[in-house]
2 protein chains.
Amino acid sequence: MQRLLKQSLVVTASLLALGTASLASSDLQTIMKERKLTEKDVLAAAKTYQPSGRKDEFVVFSSGGQSGQILVYGVPSMRIYKYIGVFTPEPWQGYGFDDDSKKVLRQGDIRGREINWGDTHHPNFTEKNGEYVGDYLFINDKANPRIAVVNLHDFETTQIVVNPIMKSEHGGSFVTPNTEYVIEASQYAAPLDHQYHPIEEYEAVFRGAVTLWKFDYAKGKIDEKASFSLEFPPYMQDLSDAGKGESFGWAFTNSFNSEMYTGGIEKGLPPFEAGMSRNDTDYMHVYNWQMLEKLAQDPKNYKIYHGHRVISIEAAVKAGALFLIPEPKSPHGVDVSPDGRYIVVGGKLDTHASVYDFRKIKQLIDKKEFIGADPYGIPILDMKKTLHGQVELGLGPLHHTYDAQDGIIYTSLYVDSQIVKWDYKNLKVLDRVNVHYNIGHLDSMEGKSAKPKGKYALALDKLSIDRFNPVGPLHPQNHQLIDIGGPKMELIYDLPIPLGEPHDVISIAADKLKPQVTYPMGTNSRTGKQHEAMTLAGQERVERKGNEVKIYGTLIRSHINPEHVTVNKGDKVTFYLTNLERAQDETHGFAVSGYNVHASVEPGKTVAVTFTADEEGVFPYYCTEFCSALHLEMMGYLYVKDPKKKYESVKELKLQKMSKEQLESEYKKVIATNKATDDVIQSVVKFLKDKNYAKYPKVKSLVEDALDQYGKIGEVKAKADESYKKGDVNGAILWEYQVWQYMVKTADVGLRAKNNLAKELATPMKPAAQKGEEAYLKGGCNGCHVIGQVSSGPDLTGVLSRHENAEKWVFDFIKNPASKYEEDYVKTMINYFNLRMPNQHMNDQEIKDIIEYLKWIDENAGLF
Amino acid sequence: MQRLLKQSLVVTASLLALGTASLASSDLQTIMKERKLTEKDVLAAAKTYQPSGRKDEFVVFSSGGQSGQILVYGVPSMRIYKYIGVFTPEPWQGYGFDDDSKKVLRQGDIRGREINWGDTHHPNFTEKNGEYVGDYLFINDKANPRIAVVNLHDFETTQIVVNPIMKSEHGGSFVTPNTEYVIEASQYAAPLDHQYHPIEEYEAVFRGAVTLWKFDYAKGKIDEKASFSLEFPPYMQDLSDAGKGESFGWAFTNSFNSEMYTGGIEKGLPPFEAGMSRNDTDYMHVYNWQMLEKLAQDPKNYKIYHGHRVISIEAAVKAGALFLIPEPKSPHGVDVSPDGRYIVVGGKLDTHASVYDFRKIKQLIDKKEFIGADPYGIPILDMKKTLHGQVELGLGPLHHTYDAQDGIIYTSLYVDSQIVKWDYKNLKVLDRVNVHYNIGHLDSMEGKSAKPKGKYALALDKLSIDRFNPVGPLHPQNHQLIDIGGPKMELIYDLPIPLGEPHDVISIAADKLKPQVTYPMGTNSRTGKQHEAMTLAGQERVERKGNEVKIYGTLIRSHINPEHVTVNKGDKVTFYLTNLERAQDETHGFAVSGYNVHASVEPGKTVAVTFTADEEGVFPYYCTEFCSALHLEMMGYLYVKDPKKKYESVKELKLQKMSKEQLESEYKKVIATNKATDDVIQSVVKFLKDKNYAKYPKVKSLVEDALDQYGKIGEVKAKADESYKKGDVNGAILWEYQVWQYMVKTADVGLRAKNNLAKELATPMKPAAQKGEEAYLKGGCNGCHVIGQVSSGPDLTGVLSRHENAEKWVFDFIKNPASKYEEDYVKTMINYFNLRMPNQHMNDQEIKDIIEYLKWIDENAGLF
């Protein structure tokens, strides 16, 4: 083992060093021909490809639609980094399978009914002055009207609030410019009293509403008590946006059934879709949340429904806080411009986008100039007088997103399957790009904030049909990336969405996110506080109280403490587990066979899983993460005894015992192995120290992890020595194997540290050396020679100092090896390796380049 | 609308045509500099990038680990196409949220306990002669020992079987060469009687086992009754593989605790990991499933546990069907070579891979030459005598996969974080590549089958640490793609896994998969048969029987039939829904607000959702898929009445009624709109027919979908006319709007068809024309000119036939527009558009190219 350990260090480092500069053996033209790529394809590839380890510039959060989750991907690489469990249980993350996450999920139950999914629609970040802040993310559930809060410091869901008055929603979650409120607008109208009413009472009793959820930033939680709603007519409200800049304090909500049509296909009436599309215009609701906030302080302005304040239409109208403006037929998006002055609405059954000017709206409101009132008494503003203008865009304009360049906007066309780039100030179409197919929402980078970043746009296509390898009747949707950096939009990437039907995305500059990579020891990630059951090394225990059994355990590479737990049938069993690791990415998982519990335990986290041990028997528990080479061995047994039964002991199996001599011999062997392994570790440590590893943060954190593992050896070694002293040779052997386990883990991380350091330290290769390496590899020289070690041929490190006039000697030898077969040195080598150096027919330039490569090797010889 | 519809057709087609040949405005060098890409990065990008619509060559199925799902991705693009719900409910697919999928999921309950997750490990395809067949996929659950069957014709899970004797498993699911059996080997030993036994009885009572699940290929189902198991000693069995070729009939299962160490850290004993790694060798179990199949026919050879036959070790040994061979310390992978002769085992705590020669094994067995027996009486073969040889590979060799080239194998090194390419016949290391980091399983294309395809390898890295944008303490894992086509392995792509901790993958040539894209009408996808509740158009109804209410409904763009359903509180309500669409990707979803049910209803599928209406009130139901522009309108209401309550009717809201004249005027308007829209549709139809659309399969299927929508108009139009005749003008208007809805849907698909056809028909652009288009776009000509239509400037189609000596005229005009401002034609244009053609300062070559581009436009004028 120790020999290989040493050898491996050498090989790894050398390959790594080679790897960084080696040139690929095939050229671009060949690849283009083979893969039938056009020049345009290659440019698109180069615009989106991320080399290993390179980070993306933007991070996108996408709703997962009816998957009930959020997905996170990078731009421009279009690689999905995470699905976050929000409304749907997700066992990998332990979400809904450990006690603390179950509490979050169960906050979302509706009047006692367990809800285990959601139809997520619109994600939104916390904001300051209308700009995105990467602290929290909000997302709504259309099916079961709810809002969830995701903590972006660990990408976990920490809160779900149920809308107390709605039966359905859509226009959530929209955030006011300083995250004062999270806005949630209803969709399908229903009686707010939650009672039965026939459809004939639609106009009289069914209502829409908008809920203003108060966000307590310091706590990172929605304050339900401080939240309130505003009653709306039953117009089927839709998307919403908060004003900003000069429209600060106001908010805007669309609607699409101002006809108040109530369908009835089963009675021979035309379906909803016919009657809801009848009028040429619907209504945009314009309301002032700062005024509503004041109204909500006075009981005369609101009714209490299910413990929640709902401001009446009447009170809002009276206070001048609610107005309607006609908007193009069945609108979808309502998007406030970065400066807050314009509000752009696409009427999905109109062909125009309409640009409203908030200044004009405000003037009409201030002058109290209305064209009338709707049946509910809400003043209606003259559409034409509020418009800056309209632009004919095409079929099915839905949503809008803004560019970094002032006045530029992008609109999705559902029927035309296009994105249109246009100027909303000068009302002029600038460019179009086809997408595949039937685009819903779209985004540009931070394009819905007060400071859009431009560069890329995303098309959220609803149908993908022929785009991808077929995977059955349920197709992935297609998120297409569009380069909007130039004058002409260019489609550069197709991303299939493997799970969920995303509805909307929101993007943020990657550097605005600062997630932690480990938790402070003992954290309950769902509360952000120290877990009541945090257990440190040495505190492991089992506590019993009546039929409740609480196990306080720990996890570390690669054992669970305790390894055996016995309970009685019917006991309520809770495992509390703390992951003692401090190294990034050293996650453990925990499952008990057949008991439907699972936890993901990242470094520093404390989790709990509770179940009733209702079946007699023996149940293995284990770490579900492939956390180390000894991962499979990280297990234990839960024994469930039936207290009513008598158990007779079973006859033992007779096994041969080891003799004292055999034990002594094994003990010596393991001691020797450990000594030799330690020598290798020390040599790695010396290398790391000599090269000042602490200067390189990535290397430093690896070394710290390695030393952490190494630090555990002392205690275990003491146990081994103590056992040996007591004459328990078998015990001593076992503890020595445990010493070896820690050494393997130390070596595992130490090697990664050394390789990283070597990569940092190697001198850059000059072009000639790079070409030389390419020739060396193409020529198959590496078949016999391994840099830094003797292989089927001699080590080439130092070859240029082994001969007089070495460069010429090496040149001649490569050029014509046979010419030197009779030289003493070469003869010796031939005898030793039983191989002759063959003629690889290199040309002169290649040989010269190889010599440059050999020089580079000698420069970096200490690293191999 | 109709004007825009026409205009949009033109713009769309023209842009599409442009799009296919336009050159990107930025060049590769600039992008490389901006994005800091090396030449090697660009080559890797070109090797992996898939242009929009291009399909992948291989499809990979990956276990999702403790996500309980399977993920499907493409090689070389490394894009994830689907997550398939297997052991965990997944609402997007309706899996576990509709009745029929719930039945599948509940098959996996363990002795009455609901299990809603799994720890998936090893996916495997159906096989014929050891080669992969893309019909079914099997996957195992380590935590709750089970096997699931996934139907690859629709990528849905159709069966879960629970292992009747195990408490934990790992070595599943491995398939015999003609899918006779699916093999499942236990992991953590436990008493087969499922009763309590203390750890002291480990050797005497705890057991491992291997279950041979019989697969009924015709039914696509595991036949539980025809399946049986073989008892194993409590050695913690691990991975398994079936023999093939000359080892056909045999199977091989690893183990890692032949020490039978039982841990006890909580009692002060060394942990499992120490004692399980003590011996230098463990045991490979070698057994013959053909012999076992015969033994399982005779009750004297087996015991019945929980209704399942378990062949005793004794009977298997007696029949010469079970042997042990020592194998390197704590092995992981056991992988049979494509020809079946060699079995390669990596001892994860050894540094070697060991190559066993089946011929040698067979000879020893035939000669009954054993070195002894284990404590359970199983004959042990001499390790050295069975070995072809061993090769020192490095630290932590785990798994193996084979190359298309005979004798070549790839092995993962967990601790060294490398893949090693070596020759298992000549026992020689050939190449190494670094991966990031700590690789578990690996794969090469079809690399574990009898006919490996080579080309690409996949590294399943367990830690990704610094590879990706940070997303909290729980990192994605990293699947890295390696080009193994050349002599030197090259790492070319990093794929973060956003959900789950994949354990193993299996790959198949994409053309071996033939999934359907729609279902035969009325299919129950979980049984593959016609659903008992299939409902066709016109058959919609509500049936009541006691407190059971069954709704037989249909779904089609964009309404649900029925739209109103009233039930009593406490009723058990079932919605049966058939998606009447026949077009690919026209999936509908179905949810009832707050009742925790969801279904995904792909074209042709019939689904059922059942719930108890236990809360009074009004509950919207709706289509959860963004299925058309009218998607939001696809909804209905469920009314839950409390039969014990008396409801008083609420006063109606007084709304203004429309006058007869107003109604007549609206009726005329909608008739005119529909007529004009239909004219546009007819022009599209004419274009499609004139150009023989039926010759192009993709276009043909779109046209069929469009005509399908169009075909629905007749019936609706008749209703409108009938209403009008009866004097119900309001009804007539509504039905005419429904006519318009179908027209919009026809246009939606028709446009896609026309654009596709235009793309097929356009002549290829010559390089000069391509350059011309680029110059045209760079010069901003498209700001005023839109090909095929009059915009802010004249349509340029036919410009070369509008002037005498036109090429010269156009050249001169572009070169110096002012020189022609006084020409009559130009004067007229300037007056008409109120704009002067500006000088864009094109050079002569650019102008010549633009003229070539204009020629191409004229050639294809009919398409715009």
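Parameters and conventions
- Residues numbered from 1 in each chain as written.
- Chains lettered and ligands numbered in written order.
- Predicted model: local features only at pLDDT ≥ 70, side-chain atom pairs only at ≥ 80, totals over all residues.
- Heavy atoms only, no water.
- Helix = DSSP H or I, 4+ residues; strand = E, 2+ residues; numbered from the N terminus.
- Buried < 20%, exposed > 50% of the residue type's maximum accessible area, 1.4 Å probe, protein only.
- Lys, Arg positive; Asp, Glu negative; His and termini not counted.
- Charge placed at Lys NZ, Arg CZ, Asp CG, Glu CD.
- Pairing = 2+ DSSP bridges.
- Axes fitted to C-alpha atoms, helices over the stretch in contact; angles between N-to-C directions.
- Contact = heavy atoms within 4.5 Å.
- Domains from an automatic or database assignment.
- Parallel < 35°, antiparallel > 145°, perpendicular 65-115°, else oblique.
- Left-handed = near helix turned anticlockwise from the far one by under 90°.
- Nonpolar A, V, L, I, M, F, W, Y, C, P; charged D, E, K, R; others polar.
- UniProt positions renumbered as here; feature names shortened; annotations may be inferred.

(A) Focus on the overall build of chain A. Within chain A, the regular secondary structure consists of 18 helices and 45 strands. Taking the principal axes of the C-alpha coordinates as reference, chain A spans close to 105 × 85 × 50 Å. Across the 864 residues that make up chain A, the buried fraction comes to 68%. Taken as two groups, the 104 positive and 115 negative side-chain charges of chain A have centres that lie 3 Å from each other.

(B) A look at the sheet that holds strand β31 (residues 477–483) of chain A. Residue and element names in this part refer to chain A. Spatially, four strands are ordered β29-β30-β31-β32 in an open sheet, and the strand pairing comes out antiparallel. Each end of this open sheet is capped by a strand with a single partner; those strands are β29 (439–445) and β32 (490–497). Here the strands of the sheet are splayed against their neighbours by 20 degrees on average, with no regard to which way each runs. Here strand β30 (residues 454–461) runs beside β31; their pairing, made up of six bridges, is antiparallel. Bridging across to β31, L460 finds its partner in H479. Lying on the sheet, helix α3 (residues 39–48) is in contact with β30, β31 and β32; it crosses β32 at an angle near 65 degrees.

(C) Spatial organisation of the domain arrangement of chain A. Domain assignment breaks chain A into domain 1 (2–48), domain 2 (58–512), domain 3 (523–641), domain 4 (650–761) and domain 5 (767–863). For domain 2 of chain A and domain 5 of chain A, the distance between their C-alpha centres works out to 67 Å.

(D) Main features of the packing of helix α11 (residues 660–690) of chain A against helix α14 (residues 729–761) of chain A. All names here are of chain A. Where α11 meets α14, the axes come as close as 9 Å, and the angle between the chain directions of the two elements is 20 degrees. Taken together, α11 and α14 sit at an angle that is classed as roughly parallel. The handedness of the crossing between α11 and α14 is left-handed. Taken together, the residues that form the contact of α11 with α14 break down as 17 nonpolar, six polar and five charged.

(E) The arrangement of the UniProt feature "domain: Cytochrome oxidase subunit II copper A binding" (unreviewed entry) in chain A in detail. Annotation from UniProt places "domain: Cytochrome oxidase subunit II copper A binding" (unreviewed entry) at residues 501–653 of chain A. Between the first and last C-alpha atoms of residues 501–653 of chain A the distance is 58 Å; the span itself is 0% helix and 44% strand.

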